[in-house]
Amino acid sequence: MKLVVKNAYKLFTKFPKRNYSSRISLNMRESSFFLHPLKFAEKQNVRSWTSKISSLVREKQSIEAIYLFKTMLRNEHKPNYVTVLCIIRAVEKWEPMVKGIHGFTIKMGFELELPVVTALVGVHSIWDMDTAWKLFDHTSGKDVILWSAMVSACVKNGEYVEAVELFRKMLSFGVEPNYVSVVGIVPACANLGALKVGKEIHAYSIKSLFISHVNIQNSLVDMYAKCWSLKASLTVFHGIEKKDLVSWRTMIHGCVENDSFSEALSLFSEMRYCCFEPDESVIREVIGALSQLDEIKIGQCFHSLVLKQGYSRSVSVVTALLHMYGGFGDIQSARSLFDHLKPKDLIAWSTMIAAYAQSELPSDAFHIYQQMRSANEKPNEIIYVSLLRACSSMAAEEIGEGIHAQVVKIGNTSNAFLISSLIDMYCKFGRISQGEAIFSECPSKDLICWSSMINGYGINGHGNEALQCFLDMLNTGIKPNDVVFISVLSACSHCGLEYEAWNWFYAMEERFSVTPKLAHYACMVDMLSRQGNVEEALEFVNNMPVEPDKRIWGTLLAGCRKTCISIEICEIVAKRLIALDPENTSSFVILSNLYAEQGRWKEVEQLRQLMDEKNLKKDFGYSLIETSL
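The rules we used
Residues numbered from 1 in each chain as written. Predicted model: local features only at pLDDT ≥ 70, side-chain atom pairs only at ≥ 80, totals over all residues. Heavy atoms only, no water. Helix = DSSP H or I, 4+ residues; strand = E, 2+ residues; numbered from the N terminus. Contact = heavy atoms within 4.5 Å. Areas by Shrake-Rupley, 256 points an atom, 1.4 Å probe, with all protein chains shown as cover. Phe/Tyr/Trp six-rings, centres within 6.5 Å; stacked < 30°, edge-to-face > 60°. Disulfide = S-S within 2.5 Å. Buried < 20%, exposed > 50% of the residue type's maximum accessible area, 1.4 Å probe, protein only. Axes fitted to C-alpha atoms, helices over the stretch in contact; angles between N-to-C directions. Parallel < 35°, antiparallel > 145°, perpendicular 65-115°, else oblique. Left-handed = near helix turned anticlockwise from the far one by under 90°. Arc of directions from axis to C-beta. UniProt positions renumbered as here; feature names shortened; annotations may be inferred. 1 Å grid on protein atoms, 1.4 Å probe; cavity = no way out; pocket = protein on both sides within 12 Å on 5 of 7 lines; lining within 4 Å. Points joined across faces, edges and corners; volume = space filled by probe spheres on them. Nonpolar A, V, L, I, M, F, W, Y, C, P; charged D, E, K, R; others polar. Salt bridge = Lys/Arg side-chain N within 4 Å of Asp/Glu carboxyl O. Polar contact = N/O pair within 3.5 Å; in protein donor to acceptor, adjacent residues only side chain to side chain. Patch = residues over 30% accessible without salt bridge, like charges linked within 9 Å, V, L, I, M, F, W, Y side chains within 5 Å.

Considering the overall build of the protein
For step 1, the next point in the chain: Broken down by element type, the protein carries 37 helices and zero strands.
For step 2, the next point in the chain: Here the analysis covers contacts within the protein between residues at least 6 apart in sequence; of these, 59% occur between residues at least 24 apart.
For step 3, the next point in the chain: Carbon together with sulfur atoms contributes 53% to the accessible area of the protein, which is approximately 34200 Å² in total.

The following block contains the structure:
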């Protein structure tokens, strides 16, 4: 090639000089071809190679791009730093190649080029953050792009504290953050729950006029939602002029995460009104919200919409629907979905087994398990957890011991969820010593294990041991969450530890910043009702900052049955429960029995007529039969 160019240059010098217009002459004099024809030819060749490599990388044909780069080197064409940038992107999936291209970069003398260093930081962060940090620390004259790349690398690797510190360090060095810097740091604030820092970033984005970027607005929506500031999240969301699908998806997810399920459904309706078609992620979020709301009729309508939208073949969406019906207790609809789902993945098998384990037919969980094994699917930890739960419901000790043996055999004894389920099962069998043995052998006890052991003591009437276990947990430095407090308050309720229950109930928010939820209020109502203080319990319910659900009214009604209380209070409680759960016949039966005891036969007849109009029948009992694995 070089010989051809030299001959062309010799031939060119033999031609007489030609006259050009002033503008054309100027352009030609500036052309590198007329000054250095050899270098110009090489430059054009490098550009051509680089352009082809870059195109392949953009089309995600990394292997072809790497092969073309090797061909370029074999043909003795020296790459420039742009070529190297392209090939760095191509090799990011293969760690040995990342190291190889890094060495090649140093050999070619491109290690001081900031764009190359930035690209290397990006690919090294996928495999080895230590190397990424070394590259960053040893680079002088860092620009805002390199700082932003390192912040993003920290966030992607879960180093959120380091990302925030790095962002602050960038500011202290006088480097002005750009749009990419802000987009990169907001997720760190979100995952840390650092609301104060997030607000500062929000203020900076407004001051720097970055707030108009929808990506930043979406990140802020997510940040506020993850920091449990849903009102602020909604404010930012409603302020986005040009919402995209990510905006809607992020806000709906934020509502679900903050237990604002009705708000999530309202947003979904608004989204469709604004002509945005939901994707699979949004569909799954809405199904999750419906599951929590226990709105079976709305869930059935949404199921129809899912079919209309063409998601009937989506395994993840159908599995979410299956989970929803399982939560509703509509095991027949769940089974119908499951039977028509092809192919079934492990999550679908797991969901169906879990649905049966939580239903009135826990023995059928083992039938599905046997089908799964026949389909050559290996069970995971979640499936074993569901089977252990089914054993607890069936009081099937021998089967539970068999599953325990399988868990030990496959070496899953370190899994926190399995250990927790084993503790829970043995304690429900009344074999608390066995539960204690499993708990003590656990190498690294987490919140789940502690919570199960505390609950195990409580359901067996060992209230003092439950509280001592809780104190032992606190002494290890583990901070309690809302689930642990449910176990503590439930143990106090079961064991009549009223003083201790109130003490820890108020300590939740004051000492541990855990806001009481419905489950915690239900424990306190249960405790008061068990002690016969139904009037006090009713007053407590009326003063609750959250709306009581059918679980709380049901607990109160059960207390009314055990206590000689005025019929007026019983009527109030029963009618509230009937309004919330009109399909549940137990409320009608209890109220009817109370009227009968008072000789109020007219009201008894009215209730029976109402049940007939609603086509409600008294539930019959059922029995469980153990099955072998």
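Observations concerning the packing of aromatic side chains
For step 1, the next point in the chain: Within the structure shown, the criterion is met by 21 aromatic pairs.
For step 2, the next point in the chain: Ring geometry for Trp147 versus Phe173: centroids 5.7 Å apart, planes at 45 degrees, classification tilted. With Trp147 in helix α10 (residues 144-156) and Phe173 in the loop between α11 (160-172) and α12 (179-192), this residue pair connects regions lying 26 residues apart in the sequence.
For step 3, the next point in the chain: With 4.8 Å between their ring centres and 90 degrees between their planes, Phe470 and Trp504 make a pair best called edge-to-face. Placement of Phe470 in helix α29 (residues 463-475) and of Trp504 in helix α31 (residues 498-512) is noted, with a sequence separation of 34 residues between them.

Section: the state of the cysteines
For step 1, the next point in the chain: With the rule as written, the count across this model stands at zero disulfides.
For step 2, the next point in the chain: Free of any disulfide, Cys189 has its nearest neighbouring cysteine sulfur in Cys227, separated by 7.4 Å.
For step 3, the next point in the chain: Judged by relative accessible area, which is 0%, Cys189 ranks as buried.

A word on the packing of α29 against helix α30 (residues 482-495)
Geometrically, a packed helix pair is captured by the angle between its two axes and the distance between the axes.
For step 1, the next point in the chain: It is at 9 Å that the axes of α29 and α30 come closest, and there the two elements cross at 155 degrees. Taken together, the axis directions place α29 and α30 in an arrangement best described as roughly antiparallel. Between α29 and α30 lies a crossing whose hand is left-handed. Residues Gly463, Ala466, Leu467, Phe470 and Met473 of α29 form the contact with α30, whose own contacting residues are Val484, Phe485, Val488, Ala491, Cys492 and Cys495.

Focus on helix α33 (residues 534-542)
For step 1, the next point in the chain: Those residues of α33 lying buried are Val534, Ala537, Leu538, Phe540 and Val541. Down the axis of α33, the smallest arc covering the buried residues is 160 degrees, so these residues share one side.

Brief notes about the UniProt feature "repeat: PPR" (unreviewed entry) in the protein
For step 1, the next point in the chain: According to UniProt, the "repeat: PPR" (unreviewed entry) feature falls on residues 45-79, 143-177, 244-278, 345-379, 446-480 and 584-618.
For step 2, the next point in the chain: Secondary structure across residues 45-79 comprises 77% helix and 0% strand; the distance between its end C-alpha atoms is 10 Å.
For step 3, the next point in the chain: Its end C-alpha atoms 11 Å apart, residues 244-278 is made of 74% helix and 0% strand.

A look at unusual backbone geometry
For step 1, the next point in the chain: Backbone torsion omega between Lys342 and Pro343 reads -5 degrees, so that peptide bond is classified as cis.
For step 2, the next point in the chain: We note that Cys275 has phi near 70 degrees; this positive angle belongs to a residue other than glycine.
For step 3, the next point in the chain: Topologically, Cys275 is positioned in the loop between α17 (261-273) and α18 (280-293).

Quick notes on the layout of surface pockets
It is the rolling of a water-molecule-sized probe over the atoms that shows where space remains empty.
For step 1, the next point in the chain: A volume near 530 Å³ is recorded for the second largest pocket.
For step 2, the next point in the chain: In this structure, the second largest pocket is lined by 23 residues; those nearest its centre are Val385, Arg389, Phe417, Ser420 and Ser421.
For step 3, the next point in the chain: Looking at the lining of the second largest pocket, the elements that each hand over two or more residues are α24 (381-394), α26 (416-428), α28 (447-459) and α30.
For step 4, the next point in the chain: Taken together, the residues that form the lining of the second largest pocket break down as 10 nonpolar, nine polar and four charged.

Quick look at the pattern of salt bridges
For step 1, the next point in the chain: The full count for this structure, using the stated rule, is 10 salt bridges.
For step 2, the next point in the chain: Note that Lys226 and Asp222 form a salt bridge whose closest N and O atoms lie 3.4 Å from each other. One end of the pair, Lys226, and the other, Asp222, are both in helix α14 (residues 214-226), four residues apart, so they sit about a helical turn from each other.
For step 3, the next point in the chain: Taking the relative accessible area as the measure of exposure, Asp222 reaches 19% and is therefore buried.
For step 4, the next point in the chain: Between Asp424 and Lys428 there is a salt bridge, with the nearest N and O atoms lying 3.3 Å from each other. On the criterion of helical spacing, the pair formed by Asp424 and Lys428 is a turn pair, its members being four residues apart in helix α26.
For step 5, the next point in the chain: Owing to a relative accessible area of 49%, Lys428 belongs among the partly exposed residues under this scheme.
For step 6, the next point in the chain: One salt-bridge network, held together by shared partners, links Asp259, Asp482 and Lys517.

A short note on the side chain of Thr250
For step 1, the next point in the chain: Note on placement: Thr250 falls in helix α16 (residues 245-257).
For step 2, the next point in the chain: Among the polar contacts listed, one links the side chain of Thr250 to the backbone oxygen of Val246, at a separation of 2.7 Å.
For step 3, the next point in the chain: Among all residues touching Thr250, those that are not within four sequence positions of it are Asn218, Val221 and Asp222.

With respect to the environment of Gly456
For step 1, the next point in the chain: Structurally, the position occupied by Gly456 is in helix α28.
For step 2, the next point in the chain: Residues Gly456 and Asp424, spaced 32 residues apart in sequence, show a C-alpha to C-alpha distance of 6.1 Å.
For step 3, the next point in the chain: Those residues in contact with Gly456 that lie beyond four places of it in its chain are Cys427 and Ile432.

What about a nonpolar patch on the surface?
For step 1, the next point in the chain: Where nonpolar side chains cluster on the molecular surface, the patch consists of Ile63, Trp94 and Met97 and spans about 270 Å² of accessible area.
For step 2, the next point in the chain: Relative to the helices and strands, Ile63 is located in helix α5 (residues 62-74).

Points about the packing of α11 against α12
For step 1, the next point in the chain: Between α11 and α12, whose axes approach to 9 Å, the crossing angle comes to 140 degrees. The angle between the axes of α11 and α12 places the two elements in the oblique class. Remark: the crossing between α11 and α12 carries left-handed chirality. Seen from α11, the contacting residues are Tyr160, Val161, Ala163, Val164, Phe167 and Met170; seen from α12, they are Ser181, Ile185, Ala188, Asn191 and Leu192.
For step 2, the next point in the chain: Across the contact of α11 with α12, the residue classes tally to nine nonpolar, two polar and no charged.

As for helix α21 (residues 331-340)
For step 1, the next point in the chain: If you check which residues of α21 are buried, you get Ile331, Ala334, Leu337 and Phe338. Angularly, the buried residues of α21 cover 125 degrees about the axis, an arc narrow enough to put them on a single face. Counted as exposed and oriented over 90 degrees from the buried face of α21: Gln332 and His340.
For step 2, the next point in the chain: Here the buried face of α21 lies against α19 (296-308), α20 (315-328), α22 (346-357) and α23 (364-374).

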